[in-house]
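Residue-level structure breakdown
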Amino acid sequence: MAPVIRHSTGVGFCTPGAQADIAERPSAVSGKTSETRRITLTVNGQQHDLQVTPNAILLDVLREQLNLFGTKKGCDHGQCGACTVHVNGQSVNSCLLLACMQEGVDIVTIEGLAESAGFEQGHHPVQEAFLEHDAYQCGYCTAGQMMTASAVINDDTIDGDEVSLREALSGNICRCGAYKNILDAVQSARGKMRGGQ
Amino acid sequence: MTTETRNPQRQDETLNSIGIKKPRIDGILKLTGGADYAADRNLPNQTYGYPVTSTIASGELTGLDLEEALNMPGVLDIFHHDNFDRLSRSPNDFAAENKVGEPRLPFEDNTIYYQGQYIAFVVADTFEHARAASRKVRAHYRKNDEQLTDIATLDSGEGELPGEDVPGDASSIGDADTAYAGAAVKLDQRYSIAQENHSVMEMHASVAHWENDRLTIYESSQGVVFQRNALSNIFGMPLEKVTVISHFIGSGFGSKLFMWPHAVMTAVAARRLGRPVKTVLTRQQEYLNTGYRPKSLQRVRIGADQSGKLLSLHHDGCNETSPAGLHDDTVSASSMKMYHCENVSATNHLVTVNKCAPTSMRAPGEASGNFALETALDELAIQLEMDPLELRRRNFAETDLSVQLPWSSNHLKECWDNAASRFGWDKRNPTPGAMKDGDEIVGYGMATQSWEAMRQHCGARVGFRDDGTLLVACGTQDIGTGTYTIAAQTASERTGIPVEMIDVRLGDSSLPAGPLSGGSMATATVLPAVSAAVREAVEKLKELATAEGGPLENAESDSIEIKDGRLVSGDRSIEVAELLRQNRVGMIDGEAHTAPGDEKNQYSFRSWGAVFVEVRWDPGISRLRVARVVSTIDAGRIINPLTARNQIEGGIVMGLGMAMFEETEYDPHGYPYNNNLADYIVPVNADMPQVEVELLNHPDYLLNEFGARGLGEIGLTGVAAAVSNAVYNATGKRIRDMPVSIEKLLSA
């Protein structure tokens, strides 16, 4: 039995012959627009003037408006760490931040990691260590792993021993299971960045 | 089709690029955010799709209230049963390479088969608008009184397994019943594996785009050729009008082998709206609609004599399947050939439950079956008061009795010896709880690892360019295993052109058709095709070089070799790029299609391994942890030890998930309530034991010219059994149902 379509507007329920006008349809079926606000975000040292809805999430704005695709969506709930970026040098889950609340802060994504740390030519030591130690497989969680790792290395409250580092890196899931190499890479990069500290 | 010579006695070549630890050639792209996964693009005029899923598991969709959703800001259209395009189902045939995850088309009828089935698809101008509108769609259902969402409710826990026998799955040698009846030592036990979800980091995603009658779809896919073929059937379009692109995949583990319905909804919406549509499933939808390793129940009966010789083995399996798509996990199949036993019977049953279609998940079937068999052997060893490793040694399979064929190459004994020695197995005390270290009780366990070695047909193209670079193209994918890199190593090996000068293109269905990235078969399949394509191109280069006035004029073709990117004949040589420039030729290419031959009828091909596990149980705080894993793997020649080891370690990590954490849990209404990465527990860095992997590197030249077999699945096999066996050694408690949760351990 076909479903009863209640209160249907009829719009969009096209037969193939009735599709010709779709391309000319100006925008939405309803013609409604949602309330947006104008914000300025500072990402990787560049200012961007944007129109966003109040519920737009920083992760989605980075990807869908700024075309910064290096930051990945893995859960949208702060559970996997794939979307980790730096806000004022701290690692945060960009899927848990409303874009309109990020005015006046410095946001750094993987695309700007090396430059933000003063490596204007070439790569961040964490990136080099990940390459050398093969600290990834599919590469999808990798930006988040590296954003966390670079913040962890700079965090004086986190020691460089295996247990401390593993704990600090455990907010970033790697389903390929490259954890051993991730740890090796982070320890190697930490050694280069902090020397004997 | 080019021919190859396969000879197990051949001399090992001296290899320069293969067998070297090579950092991934796609590494910098992945490490800088430059690798383009499916959803990493915003096409001009793009829109966003957002699926709406059923909230009952069995019944009928009787109506949809759409007015409120349609009036939400930015909504462009809502697709559903009454307005969806009329399409044809894909034939869903593996051999014809058009198998799909769920053969039913989206919105095909109003019957609800499982909770999470698509009932509508909202398209809007932004992601936020599509998501908001999807939540305003109201559905009306007639709910069936009866639904089944757990195989275990049909099971008494003893005797025959529930479900329907799958006739094609039943296989046997000898007379297992009679041999069992007469055996001096018997074991009859039940085992189970919980449903596991792949929980890939990158959610399934499609970006569909039409140009006139040509469809391009960017998909997170382990099989662009399969998806291209399926879409061609579904839309009734010629193959060349459909292109599926999957340059990078945020892992798949089987969940992205075969196309799921979101891709069809996305393609239809893009055609109807005349605009590109991007759809990214939510993490929650991943658990509803993209397959899983089905829950399986198993029964193992073993008859042996007092010396531990296996006289009879029955392995019966049973897995959940779906009305939306049949999946037979054949969990017992590999037991036909794991050990020397002349009387073996394997069967499999299926039970249809109201869940979405299961699919292959890393080491499908075999990982589950291996758990039951390898745990049963541990129990038998204890019954016989024999070392579990010694029991296995006494039953080593010198040949594959199930098909009466010799192994192509089998170094399992070396795996056992190597791993046991590195682990320190000789220090094991067989008495449960006897090994203590401070507050912790230590347990040792082991299991054999195994996975079939396969090879498929494959096309590849290479092109020598006048700038000195070499193009390599194949319609397979790199799902994170390192296919880009080993394809470059292969081309480098065969041309002497450095890996850094090789430009590998994969993940595009318009390239020469390559295999699925699954079943541990991509390496053994793709590398010979790349090598053959090089040979084809080199023949053309030789013609150019030996032509009148050419740099190697009058040289015998057979006298010419390619070395370091140069054609060499005696004391004459010419750089390939220079030869092309002299002839004003931009590129000389060669294409080849290779396939397995008759060797499958002459030999049995498998990879082997041994895994040893140390667990630690702290009874004071009820904490169980895996402290150490040692594994030795015989998977033929290792092409890239850097990526290979990583892959085996990753398989072990997923095996630890199976052993300790992973279980998709359903409420009585058929809803997987732990459908997220906080409640579906996967291993994280803090869970990691010390892992020590060794790869034996004995080439298997009967499978291909490089002797490579494949690595994707085998690392995972055996781990759950080794953990369970170690838990018994520590606690005296035998956990036969994976995962070994604390609850089970405390109540056992």
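Worth saying up front: this structure is predicted, and the values here are computed from it rather than measured.

Section: helix α3 (residues 125-133) of chain A
Side chains that are three or four residues apart share a direction in an α-helix, a result of its 3.6 residues per turn. Regarding α3 of chain A, the residues found buried are Pro125, Val126, Gln127, Ala129 and Phe130 of chain A. Those residues of α3 of chain A hidden inside the fold are in contact with α2 (113-116), α4 (142-153) and α6 (179-194) of chain A together with α1 (27-32) of chain B. Positive backbone phi, approximately 50°, marks Asp134 of chain A, located one or two places after α3 of chain A.

As for the sheet that holds strand β29 (residues 623-634) of chain B
Residues and elements named next belong to chain B. Spatially, five strands are ordered β19-β20-β28-β29-β30 in an open sheet, and the strand pairing comes out mixed. Both edges of this open sheet fall to β19 (435-437) and β30 (690-695), since each of them pairs with a single strand only. The sheet shows a mean angle of 25° between the axes of neighbouring strands, direction not considered. Where strand β20 (residues 440-452) meets strand β28 (residues 606-618), 12 bridges bridge the pair, whose relative direction is antiparallel. In the sheet register, Glu452 faces β28, and the bridge partner there is Arg606. Together, β20 and β28 form the strand contacts of helix α8 (residues 366-384), whose direction differs from that of β20 by roughly 130°. Sheet contacts for helix α14 (residues 641-660): β29 and β30; angle to β30, the most-contacted strand, approximately 130°.

Side note on the domain arrangement of chain B
Quoted interface sizes are often the accessible area lost when the parts come together. Residue and element names in this part refer to chain B. Domain parsing of chain B yields domain 1 (47-145 + 198-289), domain 2 (389-455 + 598-748) and domain 3 (457-595). Here domain 2 packs against domain 3, burying approximately 1,500 Å² in sum over the two surfaces, 55% of which is carbon and sulfur. Applying the counting rule to domain 2 against domain 3 returns two salt bridges. Here Arg494 makes a salt bridge to Glu705, at a shortest N to O gap of 2.9 Å. Viewed at the interface, domain 3 and domain 2 are joined by eight residue pairs in polar contact (both at pLDDT 80 or more). Looking at the side of domain 2 that touches domain 3, the elements that each hand over two or more residues are β20 and α14. Each residue belonging to the side of domain 2 that touches domain 3 can be placed in one class, and the counts come to seven nonpolar, six polar and five charged.

Considerations on the packing of aromatic side chains
Across all of its chains, the model carries 17 aromatic pairs over all chains by this definition. When the ring of Tyr50 of chain B is compared with that of Phe127 of chain B, the centres are 6.1 Å apart and the planes differ by 45°; the resulting orientation is tilted. On the criterion of sequence distance, the pair formed by Tyr50 of chain B in strand β1 (residues 47-53) and Phe127 of chain B in helix α3 (residues 127-134) is long-range, its members being 77 residues apart. Ring plane angle 35° and centroid distance 5.5 Å describe the contact between Phe248 of chain B and Tyr484 of chain B, whose orientation is recorded as tilted. Here Tyr484 of chain B lies in helix α11 (residues 483-495) and Phe248 of chain B lies in the loop between β12 (242-245) and α6 (261-273), a separation of 236 residues in the sequence. Overall, the relative accessible area of 6% leaves Tyr484 of chain B in the buried class. These aromatic residues form a ring-pair network of at least three members: Tyr140 of chain A together with Tyr37, Phe248 and Tyr484 of chain B.

Examining the packing of α3 of chain A against α4 of chain A
All names here are of chain A. Here α3 crosses α4 at 125°, and the two axes come no closer than 9 Å. In this view, α3 runs oblique relative to α4, as classed from their interaxial angle. For the crossing formed where α3 meets α4, the hand is right-handed. Residues Val126, Gln127 and Phe130 of α3 form the contact with α4, whose participating residues are Thr142, Gln145, Met146, Ala149, Ser150 and Ile153. Of the residues belonging to the contact of α3 with α4, the class tally is five nonpolar, four polar and no charged.

About the cut-offs
Residues numbered from 1 in each chain as written. Chains lettered and ligands numbered in written order. Predicted model: local features only at pLDDT ≥ 70, side-chain atom pairs only at ≥ 80, totals over all residues. Heavy atoms only, no water. Buried < 20%, exposed > 50% of the residue type's maximum accessible area, 1.4 Å probe, protein only. Helix = DSSP H or I, 4+ residues; strand = E, 2+ residues; numbered from the N terminus. Contact = heavy atoms within 4.5 Å. Pairing = 2+ DSSP bridges. Axes fitted to C-alpha atoms, helices over the stretch in contact; angles between N-to-C directions. Domains from an automatic or database assignment. Buried area = accessible area lost by both parts, 1.4 Å probe. Salt bridge = Lys/Arg side-chain N within 4 Å of Asp/Glu carboxyl O. Polar contact = N/O pair within 3.5 Å; in protein donor to acceptor, adjacent residues only side chain to side chain. Nonpolar A, V, L, I, M, F, W, Y, C, P; charged D, E, K, R; others polar. Phe/Tyr/Trp six-rings, centres within 6.5 Å; stacked < 30°, edge-to-face > 60°. Parallel < 35°, antiparallel > 145°, perpendicular 65-115°, else oblique. Left-handed = near helix turned anticlockwise from the far one by under 90°.

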